[in-house]
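Report on the structure
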Amino acid sequence: MAIDPNSAVSLSAQVKADIVQRINSGEYAVGEKIPSLRSLAAQHQVAELTVHAAVKELQYEGVLESASGRGTFVRALPGAGPTNLAAAVDELRREVAELRDRVAAIESGDRRS
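Residues numbered from 1 in each chain as written. Predicted model: local features only at pLDDT ≥ 70, side-chain atom pairs only at ≥ 80, totals over all residues. Heavy atoms only, no water.

1. Some thoughts on the packing of helix α1 (residues 11-25) against helix α3 (residues 48-60)
- Remark: α1 packs on α3, axes separated minimally by 8 Å, with the N-to-C direction vectors making an angle of 55°. With respect to α3, the axis of α1 lies oblique. Between α1 and α3 lies a crossing whose hand is right-handed. Side by side, α1 and α3 meet where L11, S12, V15, K16, I19 and V20 of the first sit next to T50, V51, A53, A54, V55, E57 and L58 of the second.
- Here the contact of α1 with α3 is built from residues that sort into nine nonpolar, two polar and two charged. (Axes fitted to C-alpha atoms, helices over the stretch in contact; angles between N-to-C directions. Helix = DSSP H or I, 4+ residues; strand = E, 2+ residues; numbered from the N terminus. Parallel < 35°, antiparallel > 145°, perpendicular 65-115°, else oblique. Left-handed = near helix turned anticlockwise from the far one by under 90°. Contact = heavy atoms within 4.5 Å. Nonpolar A, V, L, I, M, F, W, Y, C, P; charged D, E, K, R; others polar.)

2. With respect to the pattern of salt bridges
- Counted under the stated rule, the structure contains 10 salt bridges.
- For R22, the salt bridge is made with D18, and the minimal N-O distance between the two is 2.9 Å. Taken as a pair, R22 and D18 lie in helix α1 at a separation of four residues, close to a single helical turn.
- Assessed through its relative accessible area of 1%, D18 is described here as buried.
- Linked by salt bridges that have partners in common, K56, E91, R94 and E95 make up one network. (Salt bridge = Lys/Arg side-chain N within 4 Å of Asp/Glu carboxyl O. Buried < 20%, exposed > 50% of the residue type's maximum accessible area, 1.4 Å probe, protein only.)

Given below as structure tokens:
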């Protein structure tokens, strides 16, 4: 799917839609590793952060799952709902804790975080 930089739809939403389409078409099967962020960014001619935002949203939806040092894998078909609610809640808790640490660092004047 070609990304339209002039579209009213954000680039990350367009990338997300393309990944979902590829999963639904079977190009990326459940359990299969998807291409790296760098590779997807090159394919779509967008920044890696744009792809990262799309992937992160699909992770929150339970469609994708990342494994440190191994890559990102298709966890479930889009629209199937979270496969492991406890894991999703744990991930959200980790994200909130990380955000709290960042806010605390900023408020204390430590801009390194």
